[in-house]
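Each chain, letter by letter, is given below.
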Amino acid sequence: MNRIGCVKGLLLLALVSLPVAAQPATHPTTRPIRVAIYQDAGSMTAATNIEKCLKVDPARFSYKRVSAEEIQDGVLKDFDVLVQGGGSGSAQGKALEESGRENIKQFVKSGHGYLGICAGAYLASSDYTWSLHILNAKVLDRAHWNRGGGQVQLALTDAARQQLAIDQPTIECRYNQGPLLSPDTKAELPAYTPLATFASEIALKGAPKGVMIGTTAFARSTFGSGRVFVSSPHPEATPGLDPIVRRAVEWLATGQEAPAP
């Protein structure tokens, strides 16, 4: 190549190497967390309060009610988190039947989330033939499960205060015959992390006093590649505590320890 050709080549190289005007960074649109809310035998009315907690942030959460039959038919493949609300844990377990319960276990095990509130916490436990056995927890004083309802005080751990963004060490929450959870010893399940314990109690209808205080009210754990969060009382039905539900769903879907902005 002659000298003129060399100069032209160098000029072209220099032009190609000139910096281009900066372009705005592009990020994929983050879709809402897809939440399935069980509504069927054992929990016919709980979905309404759960939806109220999620609908305040439609950009972050989408939700749909699902039946036991739909869970049996594989509807959970379209969701990130399943919520089993209050009612009757045994009725939920029986309505789901073995196939539905197995589908929930596989859903969580494969990397998804399970939120159980009251009856849904009973359902998550490892203590009944009809339960899911995805939380290494037994239920104390099963004979007095029908112990009544009212407001109770919950003592929060440091982990709970960080995850749920709550400043005070105790909160007041609605309780309605949820399980008194305690660690179980199932070798195939990891130990759960207690996030709150009962600091006061309900002991009506013949239930003995002194049993409820100190038992687990909020707990989180893992199951396979997925996550489990249970609440014995009802933050979704307690004014001012609805953020707990949203932050629990956030953690179940993303694994974030601290709440997202």
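These numbers come from a predicted model, not from an experiment.

A. Up close: the overall build of the protein chain. The helix and strand tally for the protein chain stands at seven helices and 11 strands. Per-residue burial over the protein chain gives 46% buried out of 261 residues. Relative to all contacts within the protein chain whose residues are 6 or more apart in sequence, the contacts with residues 24 or more apart total 71%. Working note: accessible area of the protein chain is about 12,700 Å², and carbon and sulfur atoms make up 55% of it.

B. Unusual backbone geometry, seen in detail. With phi around 55°, Cys 118 is a residue other than glycine that occupies positive phi space. On the secondary structure map, Cys 118 appears in the loop between β4 (113–117) and α5 (119–124).

C. Inspection of the pairing of strand β6 (residues 149–156) at higher detail. By the bridge criterion, seven bridges tie β6 to strand β7 (residues 170–176) in an arrangement that is antiparallel. Opposite Gln 151, over in β7, you have Arg 174 as the bridge partner. Both β6 and strand β9 (residues 193–198) contribute to a ladder of three bridges, which runs antiparallel. Pairing of Ala 155 across the sheet is with Thr 197, part of β9.

D. Main features of helix α7 (residues 242–254). Under the 1.5 Å per step criterion, the end-to-end length of α7 is 19 Å for 13 residues, consistent within 8% with the ideal 18 Å. Residues of α7 that are buried include every one of Pro 243, Ile 244, Val 245, Arg 246, Ala 248, Val 249, Glu 250, Trp 251 and Leu 252, and no others. Just beyond α7, the residue with positive phi is Gly 255, at close to 80°.

E. Geometry of the layout of surface pockets. If you add up the space inside the largest pocket, you get close to 310 Å³. Taken together, 15 residues form the lining of the largest pocket, with Gly 87, Ser 88, Gly 89, Tyr 122 and Trp 145 sitting closest to its centre. Of all elements in the fold, only α4 (89–109) and α5 reach the threshold of two or more residues within the lining of the largest pocket. Split into classes, the residues belonging to the lining of the largest pocket amount to six nonpolar, eight polar and one charged.

F. Local environment of the pattern of salt bridges. This model, assessed by the stated rule, comprises nine salt bridges. The partner of Glu 250 in a salt bridge is Arg 60, with the nearest N and O atoms 2.8 Å apart. Within this pair, whereas Glu 250 is found in helix α7, its partner Arg 60 is found in the loop between α2 (47–54) and β2 (61–66), the two being separated by 190 residues in sequence. Here the two residues Glu 250 and Arg 60 agree in accessibility, since each one is buried. Residue Arg 142 pairs with Asp 127 through a salt bridge whose shortest N-O separation is 3.5 Å. One end of the pair, Arg 142, is in the loop between β5 (137–139) and β6; the other, Asp 127, is in the loop between α5 and β5, and 15 residues separate them in sequence. Accessibility expressed as a relative area gives 40% for Arg 142, which makes it partly exposed. For Asp 127, a relative accessible area of 22% corresponds to the partly exposed category. Among the charged side chains, a salt-bridge network with shared partners connects Arg 31, Arg 34 and Asp 80.

G. Region of the structure containing the nonpolar core. In this structure, Leu 115, Leu 154, Ile 171, Phe 198, Phe 218, Phe 229 and Val 249 are the most contacted members of the largest nonpolar core, which totals 38 residues. In terms of residues, this core owes the most to one element, α7, which gives six residues. With sequence-adjacent residues up to four places away left out, Leu 115 is seen in contact with Leu 82, Val 83, Gln 84, Phe 229, Val 245, Ala 248, Val 249 and Leu 252. Listed in part, the 32 residues of the second largest apolar core include Tyr 114, Ala 124, Tyr 128 and Phe 223.

Rules used throughout
Residue positions are given per chain, counting from 1 as you read along its sequence in written order. In keeping with the model being predicted, local features are shown solely for residues with a pLDDT of at least 70 and side-chain atom pairs are shown and tallied solely at 80 or more, while totals for entire chains, interfaces and linings include all residues. As a rule here, side-chain values come from all non-hydrogen atoms in the structure, and water together with hydrogens is ignored. Only DSSP runs of H or I with at least four residues qualify as helices, and only runs of E with at least two residues qualify as strands; both kinds are numbered from the N terminus onward. For each residue, the accessible area found with a 1.4 Å probe, counting protein chains only, is set against the maximum for its type, and the residue is called buried under 20%, exposed over 50%, and partly exposed in between. Any pair of residues with heavy atoms lying within 4.5 Å of one another is described as a contacting pair. Residue exposure ignores everything except the shown protein chains as possible cover, and the areas themselves are Shrake-Rupley values with a 1.4 Å probe. For two strands to be treated as a pair, DSSP must find at least two bridges joining them. The span one expects for a helix is its residue count, reduced by one, times 1.5 Å. Any residue with an atom within 4 Å of a point lines the site, the site being either a cavity, points on a 1 Å grid over the protein atoms alone where a 1.4 Å probe fits but cannot get out, or a pocket, an open set with protein on both sides within 12 Å along at least 5 of 7 lines. Grid points are joined across faces, edges and corners, and a volume is the space filled by probe spheres set on the points. Three categories are distinguished: nonpolar for Ala, Val, Leu, Ile, Met, Phe, Trp, Tyr, Cys and Pro, charged for Asp, Glu, Lys and Arg, and polar for the others, with Gly belonging to the last. Between Lys or Arg on one side and Asp or Glu on the other, a salt bridge is scored when a side-chain nitrogen of the former is within 4 Å of a carboxyl oxygen of the latter. Within this scheme, the nonpolar core is defined by two criteria: the residues are buried Ala, Val, Leu, Ile, Met, Phe, Trp, Tyr or Cys, and they are joined through side-chain atoms within 4.5 Å.

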